[in-house]
Amino acid sequence: MLYKLNINVNNKQYCLDVKPWQSLRDVLREQLGLTGTKCGCDMGLCGACAVLIDGMVVKSCIILAPQANGCRITTVEGLAQGDELHPIQQAYVDNFAVQCGYCTPGMLMTTKALLDENPNPTEDEIREYLHGNICRCTGYTKIVQAIMDAGQRIRNAV
């Protein structure tokens, strides 16, 4: 049995046939080829698969694809505009907040949701917001610096 899934991903409309038990992450990766959304824990604990659904950060490994029907989804591939990185992505690069890079897509999407909600977060607010994203390479210091820098860049651009 297949389910008709109508979703908008990175400002492009899709109508897909999905199995009712498929995760949104698997549909993004396997049917749409958007492999920036990573496979981590499969339990919604690590944050590597984080995407935005209607502007809210969610763990796509624990969302069934049919639950996203009619929704707007943004993946890490949807942040940059052509060859120009989003200010959040550029801040991560400039602040050396990327090491192995596995957690980075989820961190970027969580950062986007945070800064959309609160463009001037404190360090404590950032650390609290990141509680669902695990990075095994860093001590999070550079990531927090990058988020503060990204917030400043976005505020200055307005």
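Look up: the structure comes first, before these words.
Notes on the structure in this doc start here. By convention here, each chain's residues receive numbers from 1 onward along its written sequence. Local features in a predicted model are, by the rule used here, given only for residues with pLDDT of at least 70; side-chain atom pairs are given and counted only at 80 or more, and totals for whole chains, interfaces and linings are based on all residues. Heavy atoms throughout the structure, all of them, feed into the side-chain values; hydrogens and water do not.

1. As for helix H5 (residues 141-157)
Then comes step 1: In this description a helix means any DSSP run of H or I spanning at least four residues, a strand means any run of E spanning at least two, and both kinds are numbered starting from the N terminus. For a helix, the expected span equals 1.5 Å multiplied by the number of residues minus one. An ideal rise of 1.5 Å per residue puts 24 Å on 17 residues; H5 measures up with 24 Å between its terminal C-alpha atoms.
Then comes step 2: Each residue is assigned to one of three classes by its accessible area relative to the maximum for its type, calculated with a 1.4 Å probe on protein chains only: buried under 20%, partly exposed between the two thresholds, exposed over 50%. Listing the buried residues of H5 in full gives Ile143, Val144, Ala146, Ile147, Ala150 and Gly151. For H5, the buried positions fall inside an angular range of 160° around the axis, keeping them on one side.
Then comes step 3: Note on contacts: a residue pair qualifies if any of its non-hydrogen atoms lie within 4.5 Å across the two residues. Buried residues along H5 sit in contact with helix H2 (87-94), helix H3 (104-117) and helix H4 (123-129). Here the arc refers to the set of directions running from the helix axis out to each C-beta atom.

2. Comments concerning helix H1 (residues 24-31)
Then comes step 1: Within the sequence span of H1, burial applies to Leu24, Arg25, Val27 and Leu28.
Then comes step 2: Against strand E1 (3-9), strand E2 (12-18), strand E3 (50-53) and strand E5 (72-74) lie the buried residues of H1.
Then comes step 3: Just downstream of H1 lies Gly33, where phi reads positive at about 70°.

3. As for the packing of H2 against H3
Then comes step 1: Every angle, taken between N-to-C directions, lies between 0 and 180 degrees, and every axis is a line fitted to C-alpha atoms, over only the stretch in contact when it is a helix. Where H2 meets H3, the axes come as close as 10 Å, and the angle between the chain directions of the two elements is 125°. In terms of orientation, H2 and H3 fall into the oblique class. In terms of crossing hand, the pair formed by H2 and H3 is right-handed. For the pair H2 and H3, contact is made by Ile88, Gln89 and Tyr92 and by Thr104, Met107, Leu108, Thr111, Lys112 and Leu115, respectively. To sort the angles, those under 35 degrees are grouped as roughly parallel, those over 145 as roughly antiparallel, those from 65 to 115 as roughly perpendicular, and the leftovers as oblique. Throughout, a crossing is termed right-handed when the near helix is turned clockwise from the far one, and left-handed when it is turned anticlockwise from it by less than a right angle.

4. A word on the pattern of salt bridges
Then comes step 1: The term salt bridge refers to a pairing of a side-chain nitrogen on Lys or Arg with a carboxyl oxygen on Asp or Glu at a separation within 4 Å. Taken as a whole and assessed by the stated rule, the structure comprises seven salt bridges.
Then comes step 2: Residue Arg127 pairs with Glu123 through a salt bridge whose shortest N-O separation is 3.1 Å. Linking Arg127 with Glu123, this pair stays in helix H4, spanning four residues, or about one helical turn.
Then comes step 3: Among the salt bridges present, the one from Arg153 reaches Asp149, with a minimum N-O distance of 2.8 Å. Taken as a pair, Arg153 and Asp149 lie in helix H5 at a separation of four residues, close to a single helical turn.
Then comes step 4: Overall, Arg153 belongs to the partly exposed group, its relative accessible area being 27%.
Then comes step 5: Of the residues examined, Asp149 reaches a relative accessible area of 22% and is grouped as partly exposed.

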